[in-house]
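Here is how the chains run, residue by residue.
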Amino acid sequence: MNIRIKFCKTGSLRFISHLDLMRYFQKVLRRAEIDICYSEGFSPHMIMSFASPLGLGLTSRGEYVDIRVHKAPSSAEALERMNAVTVEGMEVLRFRCLPEQSKNAMSIVAAADYEVRFREEQKLPKEWAEKLAKYLKQPAICIQKETKKGKQEVDIRPWIYACSVREGVIDMQLSAGSVHNLKPELLMQSFGEWAGFAVPASALLIHRTELYADLGTETERKLVPLEELGEDIG
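Anyway, here's the lowdown on the structure attached to this text. Within each chain, residue numbers correspond to sequence positions counted from 1 in written order. Totals for whole chains, interfaces and linings use all residues, but because this is a predicted model, local features are given only for residues with pLDDT of at least 70 and pairs of side-chain atoms are given and counted only at 80 or more. With hydrogens and water set aside, each side-chain value is computed from the structure's full complement of heavy atoms.

### Looking at the nonpolar core
By nonpolar core we mean a set of buried residues, namely Ala, Val, Leu, Ile, Met, Phe, Trp, Tyr and Cys, connected to one another through side-chain atoms within 4.5 Å. We call a residue buried when its accessible area falls under 20% of the maximum for its residue type, exposed when it is over 50%, and partly exposed in between, using a 1.4 Å probe and counting protein chains only. With 37 residues, the main nonpolar core has Val116, Tyr135, Ile156, Ile170, Met172, Met188 and Leu226 as its most contacted residues. At the level of secondary structure, the elements contributing two or more residues to this core comprise helix 3 (105-108), strand 6 (109-118), helix 4 (128-136), strand 10 (169-175), helix 5 (184-195) and strand 11 (204-214). Strands are runs of DSSP state E lasting at least two residues, helices are runs of H or I lasting at least four, and both sets are numbered from the N terminus onward. Considering every element that reaches this core, the biggest residue donor is strand 6, with five residues. For this analysis, residues touch if any pair of their heavy atoms sits within 4.5 Å. Those residues in contact with Ile170 that sit more than four places away from it in its chain are Tyr114, Glu115, Val116, Phe118, Trp128, Leu132, Cys163, Ser164, Val165 and Met188. Counting residues in each nonpolar core, the second largest holds 24 residues, with Leu13, Val28, Val69 and Ile233 among its members.

As structure tokens, then:
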């Protein structure tokens, strides 16, 4: 049985690496007595796959991990058992069964939602929100992006699906995954260079709120939260 787990990572847990998070989640599954499947061979390991590694220092309420189990408790019982053994800063939000032939979350991530704030000590120019709106109206936004082959000029405008400001918070929906992955830090750095002020990554507070799969066609996007591809276990 394939299971998709949604969880949040906040507080001091934002400072642990993705590798440490994987190790910790394995402990949570063992302590909660989830009957997870193991790989075969000389070094068996839990069959689990995280959707998209979260950068160090970022928080999230939309993280996903897929696991395979021999048998599963009800969704309500699984949430109770797992949350009873997690530390402050982590909460398991969903425990849902996936169709048998479904693809794992890592392979289908297509977009992500973020909430971005400036730190209080960051000095900002007046009317920066209006400047951001003007910046986004450009038909093309070209940046120099580091690749395995060196620096390459790319147009990131098609990867910005939505971006708006509400009470000082920047809501973003950006392309994510293995094909085109646009980080909020890179977008804000590009905006700062265009607007004439520095926006280092340390000036931002970034919170990821959701990850999506794209069930649309080549001409029309249809983004669906990863949790909606599964069903609760009764």
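### Section: unusual backbone geometry
In this structure, Glu33 is a non-glycine residue whose phi angle is positive, near 60 degrees. The class for Glu33 is exposed, based on a relative accessible area of 62%. We note that Glu127 has phi near 55 degrees; this positive angle belongs to a residue other than glycine. The residue Glu127 is located in the loop between strand 6 and helix 4 in this model.

### A short note on the pattern of salt bridges
What makes a salt bridge here is a side-chain nitrogen of Lys or Arg within 4 Å of a carboxyl oxygen of Asp or Glu, nothing more. For the coordinates displayed, the defined rule picks out 13 salt bridges. Glu227 is the partner of Lys6 in a salt bridge, and the nearest nitrogen-oxygen pair spans 2.6 Å. Within this pair, whereas Lys6 is found in strand 1 (residues 2-9), its partner Glu227 is found in the loop between strand 12 (223-225) and strand 13 (231-232), the two being separated by 221 residues in sequence. We classify Glu227 as buried; its relative accessible area is 12%. The closest approach of N and O atoms between Asp171 and Arg166, which form a salt bridge, is 2.5 Å. Because the salt bridges share partners, they merge into one network encompassing Arg61, Glu115, Arg117, Arg166 and Asp171.

### Looking at the packing of aromatic side chains
Side-chain rings of Phe, Tyr and Trp, where Trp is taken by its six-membered ring, are said to pair if the distance between their centres is within 6.5 Å; with planes under 30 degrees apart they count as stacked, over 60 as edge-to-face, and otherwise as tilted. The tally for this structure, following the rule as stated, stands at eight aromatic pairs. On the numbers, 5.0 Å between centres and 45 degrees between planes, the contact of Phe7 with Phe25 is tilted. With a gap of 18 residues between them, Phe7 in strand 1 and Phe25 in helix 1 (residues 18-31) connect regions that are remote in the sequence. In this structure, Phe7 and Phe25 share a single accessibility class: buried. Relative to Trp128, the ring of Phe118 lies with its centre 5.1 Å away and its plane at 85 degrees, an arrangement referred to as edge-to-face. You can see Phe118 sitting in strand 6 and its partner Trp128 sitting in helix 4, a full 10 residues away along the chain. The pair Phe118 / Trp128 is uniform in exposure class, with both members buried. Here the aromatic residues Tyr135, Phe191, Trp194 and Phe197 are joined through ring pairs into a cluster of three or more. For Arg221, the ring lying beneath its charged end belongs to Tyr161, and the centroid distance is 3.6 Å. Here, over-ring charges are defined by two tests on the NZ atom of lysine or the CZ atom of arginine: distance to the ring centre within 6 Å, and angle to the ring normal within 35 degrees.

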